[in-house]
Structure formats: structure tokens, C-alpha cells
Amino acid sequence: RLVITFQDYRHPDLPPLTLAARRAMRGILDRAHRVTAVSRFLARTIARDFPLAANKLVVIPNGTDIPPAAKASPPPGLDSYILTVGRSAPYKGLDLLLFGYAKAVEKGCTAGLVACGTDGCGHLRELAGKLGIGGRVTFKGVVSPGKISRLMRGCLFYATTPRWESFGMAALEAMAAGKAVLAAKTGGLPEFSMNGRNAVLVTPKNVKSISSGILRLWSDGRLREALGRKAAATALHYSWKKIAAEYLKSAYS
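What comes next concerns the included structure. As the structure is a computational prediction, the values presented were derived from the model and not from experiment.

Here we come to the sheet that holds strand β9 (residues 199–202). Taken in spatial order, the six strands make up an open sheet running β6-β5-β4-β7-β8-β9, and their pairing is parallel. The sheet terminates laterally at β6 (137–141) and β9, the two strands that pair on one side only. Mean inter-strand twist for the sheet, computed between neighbouring axes without regard to direction, equals 25 degrees. Of the strand pairs in this sheet, strand β7 (residues 157–160) and strand β8 (residues 181–184) are connected by three bridges, and their pairing is parallel. Within the sheet, the bridge partner assigned to A159 lies in β8 and is L182. Against the sheet, helix α5 (residues 145–154) engages β4 (81–85), β5 (112–116), β6 and β7, with an angle of about 145 degrees to β4.

Listed below in C-alpha cells is the structure:
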């Protein structure tokens, strides 16, 4: 049996789908016994382009397992920090987070911002400088999974403000670390991050909304703790063991 699994589709970093590529994709999907997508958002996108595959589509999310780790010390010069993880590609929206963070700083936020995985982020460093927050933002570059885990456990909360997101692995990993998450209501993110329950959701591409969300989580420790507890409980439903069992049951039935 042939099972086609989509981790992403029509990604902004990929070239447009050519007619030849669409024909090839249709031929593969026609032969498939089952088609899986990591989010309902992604499944809808696939179904719009390939309606005949809709009855084969099953949503099976990604999973997470973060081993226990000691609480990390804040980076030098920072008493507390907000964490974000992701490439410097425009669709990840780190520029939007910087704009929102700068406005939050203007209104009194004293937490720093630590950005990991932002390889080739010279333009973002320049933007941070122009916004007057260059000394408050720490660009860590690409770091090991172990260091990411420790940074997640040491942060005040996790933030992600993408323009596009097929699922949102890092946000789920932050939840598994027991952290409140600030997330744009984009793509697959709101399928497991629920506003006021385990996360604070903000309007996509809206700097004012992002700033307000940052200030809310920064200023309210009880809210961070409450959301973090519920976030950890949510992540338990996404363990790789459970996701693997769901894949075997749904994809091969």
C-alpha cells in the first residue's frame, strides 16, 4: 500500500507548482491508498488542488517528546527572556515579532528576546538596531536540540508570529516544556494552541496585537503558569508514541 504523507504543501519558500508537477502529483495521489497531512489547514489546501484525493485524506499531526532538563540560566545580561525558534525566512515572521516586541518595550516590557535558528539573520539584526532593541535581542543562531530544550525551560514564554505555518513544531515543543505560548492564529497553529486555554493567540501580521499579547504574558505570571500547565497537558496527547499508533491505525486501515 502506498501512503503519501504531506509535511508541507505550497510552502512560500518553494517555487510555484508547474503543470507538469501537478500532473505528476495527481498520478501519485491517484495510486495512493491513503494521504496524510499534518494539519487540517494543510489538508484543506491539498483537497482544493486535488479534489479526487479528498476522500483519502487523513489528518495526522506531528508529535513531540522533550526529555526532562534542568532549568536554564538566562543568557548573559538578561534577567528574563522570551524565546522564539525558527529560520530567518520571511514566512516565519520574525520581523513581525521584532516590531511587536519593540512596541512592548516602549510600553514597559523589560524581558529580553532570544531568537534561535535564525541563520543568515543580518537583516534582522539591522532591523532590531533600527527599532532600538538591538541590545535586548540575542540572536543565538543554530543551536543543538539539547540547548533548545534548556532555553525553552528557562524562558518566560515562547513566541511565534509566522505568516504561514503548516503545523508549528517548535510551539508544540514549548508546550511540552510546560511553557505558555504566544502564537499567530495562522495555518495549523490554532489546531492545538487555543486562546486563553493553553496559549495567547494574536492576529496574524498585526503588530499591535502581537505587542498586546507580549505585554499580557510578560506582566501576568499567574497567567503564564496556568497556560503552561494546560500546555503541558495538551502536549501529552501528541507524544510520538501516540502519533505513531494513530498513523498506523488511520493510514493503513
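The two faces of the sheet receive side chains in turn, since in a regular strand these alternate between them. Along strand β2 (residues 34–37), one buried face is formed by R34 and T36 and the opposite face, lined by V35 and A37, is buried too. Where strand β1 (residues 3–6) and β2 come together, four bridges link them in parallel fashion. Directly across from V3, in β2, lies its bridge partner R34. What joins β1 to β2 is helix α1 (residues 19–31), and the crossover it makes is right-handed. By the bridge criterion, three bridges tie β2 to strand β3 (residues 57–59) in an arrangement that is parallel.

As a further point, take helix α2 (residues 40–49). For α2, every residue scored as buried is listed here: F41, L42, A43, T45, I46 and D49. Each element contacted by the buried residues of α2 is listed here: β1, α1, β2 and β3.

Enumeration over the complete set of coordinates arrives at one cavity of 30 Å³ or more. Estimated volume of the largest cavity: approximately 90 Å³. Residue lining of the largest cavity: 14 residues in total, with T84, V85, G86, K92 and L94 positioned closest to the centre. Elements that contribute at least two residues to the lining of the largest cavity include exactly β4, α3 (94–106), β5 and β7. Considering only residue class, the lining of the largest cavity consists of six nonpolar, six polar and two charged.

So, on to the packing of aromatic side chains. For the coordinates displayed, the defined rule picks out five aromatic pairs. Taken together, the aromatic side chains of F6, Y9 and F50 make up a single cluster linked through ring pairs.

The next point concerns the sheet that holds β1. Strand pairs in the sheet, formed through backbone hydrogen bonds, run parallel or antiparallel to each other. The strand order β1-β2-β3 describes an open sheet built from three strands, whose pairing is parallel. Of all strands in the sheet, those bounded by a partner on one side alone are β1 and β3. Neighbour-to-neighbour, the strand axes of the sheet open up by a mean angle of 25 degrees, direction not taken into account. Contacts from α2 reach β1, β2 and β3 within the one sheet, and its direction differs from that of β3 by about 165 degrees.

Tracing the backbone shows T186 in the loop between β8 and β9. Put simply, T186 and I148 are 38 residues apart on the chain and 23 Å apart in space, counted from C-alpha to C-alpha. Those residues in contact with T186, other than ones at most four positions away along the chain, are P162, R163, W164, E165 and P204. Here the side chain of T186 touches P162 through a polar contact of 3.2 Å, landing on its backbone oxygen.

Another aspect to go through is the layout of surface pockets. The space that makes up the largest pocket amounts to roughly 350 Å³. Listed by contribution, the elements that provide at least two residues to the lining of the largest pocket are β7 and α6 (169–176). The element contributing the most residues to the lining of the largest pocket is α6, with four residues. Residue classes in the lining of the largest pocket are distributed as eight nonpolar, six polar and four charged.

Criteria and cut-off values
- Residues numbered from 1 in each chain as written.
- Predicted model: local features only at pLDDT ≥ 70, side-chain atom pairs only at ≥ 80, totals over all residues.
- Heavy atoms only, no water.
- Pairing = 2+ DSSP bridges.
- Helix = DSSP H or I, 4+ residues; strand = E, 2+ residues; numbered from the N terminus.
- Axes fitted to C-alpha atoms, helices over the stretch in contact; angles between N-to-C directions.
- Contact = heavy atoms within 4.5 Å.
- Buried < 20%, exposed > 50% of the residue type's maximum accessible area, 1.4 Å probe, protein only.
- Right-handed = clockwise from strand over helix to strand, strands pointing away.
- 1 Å grid on protein atoms, 1.4 Å probe; cavity = no way out; pocket = protein on both sides within 12 Å on 5 of 7 lines; lining within 4 Å.
- Points joined across faces, edges and corners; volume = space filled by probe spheres on them.
- Nonpolar A, V, L, I, M, F, W, Y, C, P; charged D, E, K, R; others polar.
- Phe/Tyr/Trp six-rings, centres within 6.5 Å; stacked < 30°, edge-to-face > 60°.
- Polar contact = N/O pair within 3.5 Å; in protein donor to acceptor, adjacent residues only side chain to side chain.

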